[in-house]
Every structure is written in C-alpha cells, then in structure tokens.
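# Examination of the molecular architecture
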Amino acid sequence: MKLKWALLAVFFTITTVLTGCEPLLVLDPKGPQAERQANDIMLSIGIMSFIVIAVLAILTYMLIKYRASKQSEDYEPPHIEGNPIVEAICVGIPVIIVIFLSIVSVKSNYIVEATPQGYEDQEPLVIYASSSNWKWHFSYPEEDIETVNYLYIPTDRPLEFKLYSYGPITSFWIPQLGGQKYAMADMVTTLHLAAEVPGEYMGRNANFSGEGFAENAFNVKAVPPAEFDEWVEEVKETASPLTEEKFNELLEPGHLGQSTYTGTHLEFSPAPEHNHGSSEQDEHSTDEHHESGHSEHDDEHSQH
Amino acid sequence: MEFFERFAVPHPSPAIYASMVAIGLTVIAIIAGLTYFKKWGYLWREWLTTVDHKRIAIMYLISALLMLFRGGADAILMRAQLAVPDNKMLDAQHYNEIFTTHGVVMIMFMAMPFVFAFMNYLIPLQIGARDVAFPRLNAISFWLFFAGAMLFNISFVVGGSPDAGWTSYFPLAGNDFSTSVGTNYYMIALQISGLGTLMTGINMITTIFKMRAPGMTLMKMPMFTWSSLIANVIIVFAFPVLTVALAMGTMDRLFGTNFFTTSNGGMDMLWANLFWVWGHPEVYILILPAFGLYSEIIATFSGRNLYGYKSMVASMVLISLLSFLVWTHHFFTMGQGALTNSIFSITTMAIAVPTGVKIFNWLFTLWKGKIRFTVPMLYSLGFIPLFTVGGVTGVMLAMSAADYQYHNTMFLVAHFHNTIIPGVVFAMLAGFTYYWPKMFGFMLNEKIGKWTFWMLTVGFVLAFFPMYISGLDGQARRMYTYSEAAGFSMLNMLSFVGAAVMAFGFVLIVYNIYYSVRYSPRNIGANPWNARSLEWATHTPVPEYNFAITPNVASSEALRDVKNGHDLFPGKYEKIHMPNNSGLPFIMGVIFFVWGFSFVFAMWIPLIIATIGIFACMGYRSAEKDHGRYISVKEIEDTETKLRGA
Ligand code: HEM
Ligand SMILES: [Cu+2]
C-alpha cells in the first residue's frame, strides 16, 4: 500500500510539473459523475502501477541474476517445461484483479447511466444538445430558450442531456462534469450529469467530425439555481425568437460565435424519434428531420 | 478538360507538388538505373515472377520498410504541427488527410506486410517444408497487397487522400461530408489488399496443417508457427467482415445505396460495428505473430527452451476466441446502455489474463538462463515492460464508465501506440535483425543496432507517455491544433522531441543495412545466434529447396535434438519437385491496380475491361499445363557442397 501511494505521489508530481501545476481536467471533477470516473481512474492507475512494478522487478531480477557475463563459460541452462503451480498463480492473480475491476466497472456503469446518486428525488433539467458542422445547439424545452455554443446550467440539480447530430457522429464531452457520449443523426442518446461547483468549464465535441472539428467546442457556465433562473428570465426578455429560417442559417457548415434565442428548434425540427433501445421507429418525424439534414448537405455541395 | 479535372488534388499545397516531383524523379531514376545496369531481366526472372516463399517474404519486407517511412513522414508532420499551440504549418484539411493515411498505411501496409514477411519466410522453414501449400496463390497475395498499397499511396497526388480517419466512420465518410475521391481510395485499396490477405490466411493454414515434416506434431511446432497459425485463423474469420463492410461502403459512395447513411433506413452505427468486428481481431492478427517472434528470440538468447509451451499455445487460442467478443469496447459511448457495456467491459478485461500468462512465461524463460544482450534480445527485453504498460492501460480503457473520459482522447492514442510500437514494431525489428543473417548470409552491425534500439525506446517513451497525461487533461485526438490556454503545449512539445528521436532511430536502421552490406563478414555459418529451432538447421543463406533431405522432427527444438544424437536428416538425396515461376501473379496485380483506379474514379469502361482481364487470367491459369519441375540429385549435391564449403 505504501508503495502504491508513493507511486501516486510521484505520478502526480510529474504530471503537475509537466502541466504547469494545474490539476488535470479529468482528475479535477466538479460533479458526481466525473468524480465517480476520476475515482475509478485513480483506483485502476494504482492497481495497474502495482502490476507494472511487479513485472519490472521480476525482469530486473532475472536480468541481473542470469546474464551470461555473470556465468561460467560451460554453464548449460536446464530444460524446464512449465510448472502447473507457478502457472496457476500466473493465471490466478490476474483473474482476481480482473474480477475485482469488473465489479467496479459494472457498478460504475449503472451509476453513470442513471440520474446522479443523491439527486434521484429531483426533477432533472432536460437539455437537448445537438451538433451541426461545427457548432453546438442547446435547447431548453422547459424554459423555452435556445443557445448556440455555450451552455448555462444550474448547480446541484440533475441534468439530462438529449444528444443528437445534424451531420457526422460527434461526441458531447464536458470532462470536469463527466465522460462523453455520441450524438448521432438517427437517434437520441441520453447523458446524465450534474455540477456541484459553480464555475466555467470546457466542453467540446470529442469525436472527429471533419474540417472544423478542432474548434467544435463550447463554454459551460455552472451557476447556483437562483442565478440560473435569473439568466433564463433575462434571456426571455432580451433574446430574439428562433425562427426556422434563422435555424437553417445556423445549420450551415462553418463556425459561429455564441448566440441566444427564445423558443427552441425542437418545435419545427424535432429530435429524431428513435431512442436508443426502443425498437419502433416513427417514420414521419425521422423523415422530416432528414429533410432538414439534406438541405444542409445541398448547401454544402453548392459551396464547394 | 472536365474529364481530367477530377484527377487534380482538391486541396493542393507546395508539399504535395514537391512530392509529385520527387515521385516522378524517383521513378525515372529507377527506370534509368535498371536500364543502365541491364537489370530488367534479372528483376523479372528472379523477383517479379518468383513463387519462392523466401523471395516473396523479402519483397514483403522491403515494402513494409518503405511504408514505414511513408507512415513515419506523416507521423513527424503531425507531431510537428502539434508541437506548439495555434500552429499554422498545416491546415485542418491537410492534418486530417495525414492522420488518416498515417493510420491506414501503418496498420495495413506496414505492420501487415511485416508480419507476412516473417510468416512467409519462416513457416515453411520451421515446419520443414519446401514452400507454402499454394506458391502461385502466395505470389498473387503479395501482388494484390502491393497493388492495394500503391493505389492507396497515389491518392495524395492524384485526386486527393482520404480524410475521415483510419476508422472511416460514416456518415463522415459518406459522399455528403467526404466529397473528394479520397475515401473511394480507402475502400478500394483496402478491398484489394484485403483479398490478398484472405488468400494468405487460407494458404498458411493449409501449409501448416498439411505440409509439416514427419514427426512434427502440432505440439512440436516452433512457437512462431503456432502464433501464425492462430493469426491466420483469425484472418480467415475476420477479413470477410471487412470485405463486406468495404463493399457496402463502396456502394454507398458510388451507387447511391443507403447502408450507412442516416436517411432511408441506413445505419451509421452499422459501419462502426462491422469495422470493429474486423478491427479488434485485426490488432491480434498483428500482435500474435509478434508474440511468436519474441518467444523464439527470448528462448534463443536465454539459452533455454521456452517456458510453458503448452500454456503459451492455450493462451493464444483463448485470445483468438476472445478477440471476437470485445469489439463494442471501441464505442462504449454510443449509448447502448449499462448492461451491454458491462458485458463487453468484462470480456475485454478477460483478454488481459491470457496476455498476462504470456508475459510471465517470457519472464520465466529468462529464469536459470544464460542471457545474451544481443540486439534482437534488447528489443524483446524492452518489449516486456513497455508492452505491460500498454496492456494495463488497455484494462483501464476496458472499464467502460471510465472510458467515457478516455475515449477519443490522447490517452487512447497513447494506449494503442504503447501496444503496437513495443509490441508489433519492436518485434518486427527484432525479427528483422534476428533473421537477417538467415535471409542474406551476414549479420547486421550490433553496435549500430544497439544505438537504434536505445533511440527508439527513449524516443518512444518521450513521444507517447506524455499523451497519457494530456489525454487526461482533455486533449481530444485528431485535433489539428489547440490553444495556448489549453495547457498541454509542453507535453506536445515533448512528444515532438520524442518523435524526432524515433525518426533518427529509423534512419539508423537504413544506415545499418548500408554499413553491414559493406563491412559485415560473410562466413557466419548456418546458426550464428546459436539458436535451436528447425529453421537454423539448414544453410545460410537458405537454398531454394530449403532442406536437401526432409527433416525427421523429434521436438520443437531440432538443433538440441541433434546435439543429443538425433538424426535430423535421415536418408539420402532424392530429386526435389518445385513449382515454376510465373508472370501471371504480377500481371494480375497490375490489372487489379487498373481495376481499382478505374473504380475510384468511377470510370466504368476501363473497370469492365479490367474485370474481364482478371477473369481471363484466372481462365488461363485453369487451362495452363504447368506441372512444375525437378531439381536433380546432381544439382542438389553441387549446391550442398558449395554451401557447406562456404
Ligand atoms: C490487455 C490487452 C488490451 C486491452 C484490455 C485493450 C483495450 C482496449 C480498449 C478498451 C480500447 C478502446 C478504447 C476507446 O476507444 O476508448 C482499445 C483501443 C485500441 N487498442 Fe487496445 N487493448 C489491449 C491490447 C491491444 C493490443 C495488443 C493492440 C495492438 C496490437 C491494441 C490496439 C488498439 C487499437 C489500435 C485501438 C484503437 C484505435 C482507434 O480507435 O483508432 N490493443 N484497446
Ligand atoms: Cu479493441
């Protein structure tokens, strides 16, 4: 155990020195899901460094003890078949480690795929996050507002992101709040997050999606619930409404700054119906969705 | 005019024009050189038409090295682009093309031919056969691979390179988002070389099952042959999936079908599934033969037999089965839910167990040995700890909930380079150094070799370990640039330095070949490393017929048996039946190249003509009366005396 902590200390010193003394994003969680993931990561780094050290130690021992230069000219190494006991140990230890990690992994799967622990009794804030080349559109159906390339969220409230894409597969990722999930054109995926510390976080598309991929990022601002409500009110008073025409303009390939609207595009361009897991597909709405997808592609063609 | 426009590169740059000029000059230089030295006949008779598994192996080896430098040039460009934040050296589109071709070239046209080089060279020698089961088919496999590789490589000067990543996910790789012919090249070039690979798989399996020398039961085969057998079985099961996926992708792009589109009932996720149902086994196709080479080398330089032969075989069989049950771990984040992720998380981690067994077996092979630190051994010893790091980070990635954070980041990039470079590339370089004397009759210089090893190892650690950290700091893979504020500039600079050190290491390999050709002594005997398996029991360099007398095998360590008084070559010389050379495989390769090129540009008439040409070749072969030839006892005696005298 001591060794493990010493190693972790070394690892952390090196990493912090290398990254200019700031903690690594993924290991600096600001919400319960990211925290669970960071804990899993630290746990596995610990166990794994133990394995690496063990292998290194055995290797070093063998090399020092059995190198030819240390042995007499006429030493003839013996013929050794396997040894069932030794081999059973070599299977047994990894099996135990894998079983242990499997249990952790399965537990975590169910945790990150559900409303964050401790928030089950709260009504989640549903946000539709859709990507188009190379932007993010965030629709707040309850609040009836929409933002582009930035996200405002309340702290201490479960967030349910509904993800889909108006183009290539993208991946919605806010490292400090939790791991990523794909956004695809023909279905909606769900990502459960929550923020516990107010602040500004980096969010981006993590999945390669073409020329503008590197800049396909967005800013996340987590604020206390009261402040969030104020912001919503303010948007409703000041922002202009999102029309279908405006939205189609926004979908055109390229980069945009941040902008804010009242109303959401869900009204005239609803999310694909096919939720992952459900078997039936609502033909009508998917067709509608794809029509808008197509006009976007045609635009792209004419530009080339 | 419009007809020719499509062959132009859609996104040219000075670098591309410079490469065009360079390629043109090289081709002219090669043609002029061959003509001046009157080597056309030699080239045709001895190489282009050969069906000898050893020569085919050497052609694979040369191709692999060439492609290593092509892919390496891509790599150094990428690292240079990322070395400093907000770099403008490459633009996004070029960067995308470069990482796409880097991935495809390194996996399909560098690692695969490297593996095939050793399979071709060693399997017949290790099982005491005169050639593979179907020598002509073997030549066709090579020329298909070569046609595919060349087709892929011209993409960046004719029509544009693919730019959707080596994984080529749809809909990004579809017509809507990848408008150049680049992805057509990807689909067709991989299809052609994949066909060759599938044929090699069938050929090698047949060879191993049918052509082993008397006495060599399966459990007496040298470990490399075992690992190749299993890798080839994986090939036969996995490559048809790639064939189907590529065919569907090609139809989507060229014939307007909707397999992977997001409308009209297409499913983009289907591509990801098919790709990785092939793709995961593919990484084991690469690593298993590498394991085989390490097993040979570690045993030789420990002066001992391989520890735990049976568990080595059992673990590989287990790995081959498991490798088909884990593909979903490449997209844990696709939203298939906790249950599916849990199942695939467990199957993935399970692979670590047989892999761990192998690591321990290598460690115990050192035990009570007499360890000699030669260049091949250094690679193998470096492999053990470095590959362990790659393996354990694989286990970390396999924890699906945590993978939501690693996926698509530099952490993943670090993982797979950490398995592929110390695992596959080091194995190939180790095998290259170890079998070089068997192939060419002299050794590579050990001192330069050691320098190379250290540069590659230090360079590797410098280049790839920082990526684990920058990945955890939120650096996504495949970003062509990042801002200063992101905070991982320093780590990326380190990676660039490491990559540069590795580049010098690779250049040293070429220098070593040059140096050793000039200065290495030629009288090294049949077994310069003091190894024990059957391939070292014949002469160096190996005569065309491999063994003058078919060996009578008693164990997996033929030369140790000889020492203990076993008669490995009983009986006397008899005439040997060998296959004739044939120009047909080469011609088919050329036709396939034309076929592929026409397909890429949707030129249907040349495509139809080429298709007819392919069937005509096959028809010709069916009607051909070629029963091979005999090497007479007199000829064998002469060759043997000459080789023994040398
Ligand atoms: C203990 C054994 C291993 C385990 C548990 C393991 C696990 C994984 C996992 C879970 C991923 C997907 C991660 C992600 O996309 O987020 C992955 C990716 C990958 N691994 Fe491994 N791996 C192992 C060994 C290997 C070996 C031996 C090789 C190659 C020789 C390899 C090559 C790759 C490649 C090429 C990728 C993905 C490349 C891409 O997405 O472009 N892995 N591995
Ligand atoms: Cu995999």
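Quick notes on the rules
- Residues numbered from 1 in each chain as written.
- Chains lettered and ligands numbered in written order.
- Predicted model: local features only at pLDDT ≥ 70, side-chain atom pairs only at ≥ 80, totals over all residues.
- Heavy atoms only, no water.
- Core = buried A, V, L, I, M, F, W, Y, C linked by side-chain atoms within 4.5 Å.
- Buried < 20%, exposed > 50% of the residue type's maximum accessible area, 1.4 Å probe, protein only.
- Helix = DSSP H or I, 4+ residues; strand = E, 2+ residues; numbered from the N terminus.
- Near = heavy atom within 4 Å.
- Polar contact = N/O pair within 3.5 Å; in protein donor to acceptor, adjacent residues only side chain to side chain.
- Nonpolar A, V, L, I, M, F, W, Y, C, P; charged D, E, K, R; others polar.
- Patch = residues over 30% accessible without salt bridge, like charges linked within 9 Å, V, L, I, M, F, W, Y side chains within 5 Å.
- Areas by Shrake-Rupley, 256 points an atom, 1.4 Å probe, with all protein chains shown as cover.
- Salt bridge = Lys/Arg side-chain N within 4 Å of Asp/Glu carboxyl O.
- Contact = heavy atoms within 4.5 Å.
- Buried area = accessible area lost by both parts, 1.4 Å probe.
- Domains from an automatic or database assignment.
- Donors = N, O, S within 2.8 Å, 3.2 Å for Na, K, Ca; no water.
- Axes fitted to C-alpha atoms, helices over the stretch in contact; angles between N-to-C directions.
- Parallel < 35°, antiparallel > 145°, perpendicular 65-115°, else oblique.
- Left-handed = near helix turned anticlockwise from the far one by under 90°.
- Pairing = 2+ DSSP bridges.

It is worth spelling out the nonpolar core at this point. Grouped together as the largest cluster of nonpolar side chains are 243 residues, with contacts concentrated most on F109, F118, W271 and L366 of chain B. Here this core gets 24 residues from one element, more than from any other, and that element is helix 5 (residues 92–127) of chain B. Ranked by size, the runner-up nonpolar core spans 31 residues in total, among them L159, L193, V223 and V235 of chain A.

Residue and element names in this part refer to chain B. Near ligand 1 you find 23 residues, and of these W166, D403, H407, H415 and R477 are the closest. Interatomic distance of 2.6 Å between a side-chain N/O atom of D403 and an oxygen atom of ligand 1. Residue R477 places a side-chain N or O atom 2.8 Å away from an oxygen atom belonging to ligand 1. A total of six residues in the shell around ligand 1 trace back to one element, the largest contributor, which is helix 12 (residues 375–398). Its residues assigned to classes, the shell around ligand 1 shows 13 nonpolar, eight polar and two charged.

Below, the discussion takes up a nonpolar patch on the surface. Among the surface-exposed residues, V91, V95, I99 and I103 of chain A lie close enough to one another that they form a single nonpolar patch of about 300 Å² accessible area. Take I99 of chain A: it is sitting in helix 3 (residues 84–112).

On the side of chain B, 94 residues touch chain A, which itself brings 90 residues to the contact. Interface area, chain A with chain B, both sides summed: about 7,800 Å², of which 68% is carbon and sulfur. Seen at the junction of chain A and chain B, the total is 29 residue pairs in polar contact (both at pLDDT 80 or more). Elements represented by at least two residues in the side of chain A that touches chain B include exactly helix 1 (2–18), helix 2 (32–66), helix 3, strand 6 (170–174), strand 7 (178–183), strand 9 (199–205) and helix 6 (283–303) of chain A. Of the residues assigned to the side of chain A that touches chain B, the class counts are 48 nonpolar, 29 polar and 13 charged.

With that settled, the discussion passes to the domain arrangement of chain A. All names here are of chain A. When the domains of chain A are assigned, the result is domain 1 (27–64 + 84–113) and domain 2 (125–303). At the interface, eleven residues of domain 1 touch 14 residues of domain 2. Regarding the contact of domain 1 and domain 2, the summed buried area is about 870 Å², with carbon and sulfur atoms giving 47% of it. Together, K30, Q33 and E113 form the three largest contributors to the area buried by domain 1 at its contact with domain 2, with a combined 55%. The interface formed by domain 1 and domain 2 includes one salt bridge. Where E113 meets K181, a salt bridge forms, and the shortest distance between an N and an O atom there is 2.7 Å. At the boundary of domain 1 with domain 2, the tally comes to seven residue pairs in polar contact (both at pLDDT 80 or more).

Let us now look at the coordination of the copper ion (ligand 2). Residue and element names in this part refer to chain B. Coordination sphere of the copper ion (ligand 2), protein contribution only: H280 (ND1), H329 (NE2) and H330 (NE2), at 1.8 to 2.0 Å. Each donor residue of the copper ion (ligand 2) lies on one chain, and together they are spaced H-x48-H-H. For the pair the copper ion (ligand 2) and the iron atom of ligand 1, the metal-to-metal distance amounts to 4.7 Å. Taking relative accessible area as the criterion, H329 reaches 14% and is therefore assigned buried.

With that settled, consider the packing of helix 5 of chain B against helix 6 (residues 135–154) of chain B. The description of two helices packed together rests on the angle between their axes and the distance between the axes. All names here are of chain B. With their axes 11 Å apart at the nearest point, helix 5 and helix 6 run at an angle of 160 degrees to one another. The pairing of helix 5 with helix 6 is recorded here as roughly antiparallel in orientation. Once helix 5 is placed against helix 6, the crossing between them reads as left-handed. Residues T101, V104, V105, M108, F109, P113 and N120 of helix 5 form the contact with helix 6, whose own contacting residues are N138, F145, G148, A149 and F152. Looking at the contact of helix 5 with helix 6 residue by residue, the class counts come to eight nonpolar, four polar and no charged.

Moving on to the coordination of the iron atom of ligand 1. Only one protein atom coordinates the iron atom of ligand 1: H415 of chain B (NE2), located 2.2 Å from the metal. By the element assignment, H415 of chain B lies in helix 14 (residues 410–440).

Below, the discussion takes up the pairing of strand 1 (residues 125–132) of chain A. Residues and elements named next belong to chain A. Among the eight residues of strand 1, eight are classified as buried, and the element is accordingly described as predominantly covered. Going residue by residue along strand 1, you find L125, I127, A129 and S131 tucked away on one face and V126, Y128, S130 and S132 tucked away on the opposite face as well. Where strand 1 lies against strand 5 (residues 159–165), seven bridges are found, and the strand directions are parallel. Its bridge partner being in strand 5, A129 is matched across the sheet by L163. One ladder, built from five bridges, connects strand 1 with strand 2 (residues 135–140); its direction is antiparallel. Bridged to S130 within strand 2 is H137. Taking the residues between adjacent antiparallel strands as the criterion, strand 1 and strand 2 are bridged by two residues.

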